Every structure is written in C-alpha cells, then in structure tokens.
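# Fold and geometry: a report
Next come the chains, spelled out residue by residue.
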Amino acid sequence: ATIFNNIEQLPPDALFGIKQRYSKDTRSHKVDLGIGAYRDNNGKPWVLPSVKLAEHSIHSDPSYNHEYLNISGLNAFTTGASNILFGPDSIAIKESRIVSNQSVSGTGALHIAAKFISKFFPEKKIYFSKPTWANHQAIFQAQNLQCDSYPYWDAATKSIDMEGYLNAIKTAPRGSVFVLHACAHNPTGLDPTNEQWANILDMLNMGDHLVLFDSAYQGFASGDLNKDAYAVRLGVEKLSDNVPIFVCQSFAKNVGMYGERVGCFHLVLPRQSNEDETAKVKAALSSQLNKIVRSEISNPPAYGAKIVAQILNDENMTNQWHKDMVTMSSRIIKMRHSLRDKLNELGTPGNWDHIVSQTGMFSFTGLTADMVKRLEEEHAIYMVSSGRASIAGLNEHNVDHVAKSIDEVVN
Ligand code: PLP
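Counting starts from 1 at the beginning of each chain's written sequence and moves along it residue by residue. Under the rules for a predicted model, residues below a pLDDT of 70 receive no local features and side-chain atom pairs below 80 are neither given nor counted, while totals for whole chains, interfaces and linings still include all residues.

### Considering the site of the ligand
Using a C-beta atom placed from the backbone, a residue is described as near a molecule or strand when that atom lies within 6 Å of it. Taken together, 13 residues lie around the ligand, and Ser-105, Gly-106, Thr-107, Ala-216 and Ser-250 are the ones closest in. The secondary structure listing takes helices from DSSP runs of H or I that are at least 4 residues long and strands from runs of E that are at least 2 residues long, numbered from the N terminus. Broken down by element, the residue count for the shell around the ligand peaks at three residues, all from helix α5 (residues 105-120). For the shell around the ligand, the residue count by class is four nonpolar, eight polar and one charged. Each residue gets one label: Ala, Val, Leu, Ile, Met, Phe, Trp, Tyr, Cys and Pro are nonpolar, Asp, Glu, Lys and Arg are charged, and the others, such as Gly, are polar.

Below you can see the structure in the form of structure tokens.
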C-alpha cells in the first residue's frame, strides 16, 4: 500500500455524469436536457455569427499573437464588459468606482469573490437561494466560508416565496453576503419582478448586507442586455452609497463560448468622501485582486477575451451579437411554448404554464426524481434529478417525443 491507497473515490459530478451517460447511450432518439448549453434546431452547438466575424478579424490582424495578458486581464475586454453590465450612464462608472479583473468565466469570478471574502471577511456568512446553481456552495465552502440559504422556490405555487426570502434577509446577521442571480435564475427560471427587486434590495440595504450578483445569462434570457441587467443596475443605484457590490459576469452563454472561459469579476466600491480616497481604495483593492489571480492562474486566458473585446468594441459586430442573442432567446421561448402546448394537447395531468413563464436556459418542470429516472431509462431523455430541464436541448424534431414521454411518466 502507498500513501494514496486510503484516498476515497468520489461519485461523478451530478451534471457531468449525465453528460457521460448521454454520450454512451446508443439510442438514436436520445435527448440531452441536462447541461445548460445552447443548441440549434438540429441539436447542434452553435458558433455565433458575431463570434465568427470577430475570429476572422483577429486572425487577419498582422499583429496577432499569443502573448500573456496582464494579471488583471485585457483592458478592452474588462472595460467593455463593465459597460454592458452597468450601462453607459452608470453612476459607478462615471465616478470611477469599479475595479474589474478578468476571470476564468463565471466560475472563476465566483472563485475570486470567495477568495477575497475569505481573506478579508472570513467571519461573513454567505447566503444562497434555495435551490441554487449546483456549484455555488462548493466554490465558497472550498474557501472555508460558512454557507447558508434563503427561501426562494415555493413548490406549491411554483413561484418565489417572497415572504420567506425577505424574512431571511431581515434575520441574517448584519453585513452578511447575499448571492443573487442577476437574471434567469438557475435552476428555477424564476426571476423577481421589478417591484420585488426593489423590495429585496431595500431590505438588503437595511441590513447593511453585501450583495454578490451572479450574472451568467445577460442578454441570453430576454435577448436584451439592458433588460437582463435591470437588477444589477438597480442594485448599484440603491446600495452602492452604502456597501460594496460584487458582480461575477460570465460570457459563456451570451457569446456561446462555454469552453473558452471568458468572464469578469467586478467590485463596485461604495462612494468615498472624495475622488482621491476613491482612487486610493481602488488601487489597494486592485492590487489585492491581482495578488489572488497571480498565485492561482498567473494571468487569465487570452483567446476568448480577445474575441469578446472585438465584439464589444466594433459597432457592426456588436449589432450582430445583439441579433444572435435574440436568435438564441427566441428559439428557447418558442420551444417553451411548443412543449407546454403539446402537454396540454395530450391532456397531461397538471398545469404546465410555468414552462412558459419561467425564463432563461432552464425550466424547473416539477417532475420528480423518479419520473426523471424513468425518462432516462425508458425514453432516453436526460435531465437533472431535481426536474430541471435545459430547454435549449429541445427542438422541432424532438419536442414531440419529449412531450409524449413526459406524459407517459406523469400518468
Ligand atoms: N452561475 C450560474 C448561475 C450558472 O448557471 C453558471 C453556469 O451554468 C455559472 C455561474 C458559471 O458558468 P461558467 O463558469 O461556465 O461561466
């Protein structure tokens, strides 16, 4: 025996395990509603036309190279990323109160946030919605931070448990950290209304809580970058006089570059007494974030950031990108309607309107773990045991099979 023989083998990651089983399945009618990645109407990955334009432009630039980026990343990318997120009229941008570091996609941004909090505020408790994205707690727990949850999904009404949510904010220790999904809540597909956002943010402000917005679906959810940034911008308006705001931004979905790991971490500073003080705090924070990044990845990956920087800084490509986001979001919305309508036509017991009212990549279908298991075993349809279905995996060729199979397992 060696020193390694007592190390326990862990079960496969729940989500990537589904991907593996799906790949091995030889049934030709198999359907992947597991992982959250966009597929076209033939079930194939889609390279966005705006990305193709940007790649062409980069490769035809004679100065193209593969040099290292700065520790904080590519400036043309982080500045563009900040502009689309906070908006051109953002008071925080005008007052130069944002520190931005390029990250290894959204996960990497969350990791920087967790490292930063564990280094400077290790006593803070981190609150996540119940349920939340499967990786959230793992990222913060890995930094030895104490994680807790706030009520979110009310299974009985298939809506947000606002009373429980607001009460959790009220009773959390003053100055806790609340992780909020900026839009397209994963896994429920349920976002607060504008009025609910105002109530949530006011309540957070009253408790001096720190807010961390996880923005993984901007533009992907509704097709409109501004609409999907509503909560983040309202947060900056309402809170940033008082407390800092963290934002973890992913470009995996809205640019469809899942594997290139393009993301950004932004820290919005609370307003200081004067500009000099702001500049001083910003420089200190930037140096600390760079120290975190330097010891872990040295500097962020360049390729995807260069592509996104091209798209964000060229009017023609930006316009194409806006169209691409509409293409993706409208196909998903169309498939939501198609699935709901087919279930209604089949007379499948229950009300399926939530499939249409939920937004983003996912639908929290309400199917039980047992039904999900039968869908996989008997019908070759793969989804997460919580009943979360990636609507992007549906298309005109498979939606009939999915509706009939759901009908069969529900009945
Ligand atoms: N946050 C949420 C809510 C997500 O759903 C995801 C991806 O599914 C991420 C963050 C991180 O994604 P990535 O690291 O691929 O950018």
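### Concerning the pairing of strand β10 (residues 262-268)
Around each residue's C-beta, the other C-beta atoms within 10 Å are counted; 20 or more make the residue buried, 12 or fewer make it exposed, and counts in between make it partly exposed. All C-beta atoms are placed from the backbone. Counting buried positions along β10 gives seven out of seven residues, so the element sits mostly inside the fold. Both faces of β10 are covered, namely the face carrying Val-262, Cys-264, His-266 and Val-268 and the face carrying Gly-263, Phe-265 and Leu-267. Across seven bridges, strand β2 (residues 98-104) lies against β10 in antiparallel orientation. Opposite Val-104, over in β10, you have Val-262 as the bridge partner. A pair of strands is considered paired only if DSSP assigns at least 2 bridges between the two.

### Structural notes on unusual backbone geometry
Trans peptide bonds make up most of the peptide bonds, and negative phi angles are found at most residues other than glycine. The omega angle of the peptide bond from Lys-130 to Pro-131 is 0°, so this bond is cis rather than trans. Residue placement: Pro-131 occurs in the loop between β3 (125-130) and α6 (136-141). The step from Asn-186 to Pro-187 runs through a cis peptide bond, and the omega angle for that step is 15°. Note that Pro-187 resides in the loop between β7 (177-181) and α8 (194-206). The residue Ser-105 is not glycine, and still its phi comes out positive at about 55°. Mapped onto the elements, Ser-105 comes out in helix α5. On the neighbour-count criterion, Ser-105 (25 C-beta atoms within 10 Å) is buried.

### Quick word on the environment of Gln-9
Looking at the element boundaries, Gln-9 is found in the segment before α1 (14-24). Gln-9 sits 225 residues away from Leu-234 along the chain, and the two C-alpha atoms are 45 Å apart.

### Let's talk about the UniProt feature "domain: Aminotransferase class I/classII large" (unreviewed entry) in the protein
As recorded in UniProt, the sites labelled "domain: Aminotransferase class I/classII large" (unreviewed entry) are residues 29-406. For residues 29-406, the helix share is 46%, the strand share is 15%, and the end-to-end C-alpha distance is 15 Å. UniProt positions are given in the numbering used here, feature names are shortened, and annotations may be inferred rather than shown by experiment.

### What about the nonpolar core?
Here, a nonpolar core denotes buried Ala, Val, Leu, Ile, Met, Phe, Trp, Tyr and Cys residues that are linked to one another through C-beta atoms within 7 Å. Membership of the largest hydrophobic core comes to 109 residues, with the highest contact counts inside it found for Ala-113, Phe-178, Val-211, Leu-212, Phe-213, Val-232 and Val-308. In terms of residue count, helix α13 (residues 315-346) provides more of this core than any other element does, eight residues in total. In this description, any two residues whose backbone-derived C-beta atoms lie within 7 Å of each other are considered to be in contact. Ignoring sequence-local partners within four residues, the contact set of Val-211 consists of Phe-178, Leu-180, Leu-204, Gly-235, Leu-239 and Ile-245.

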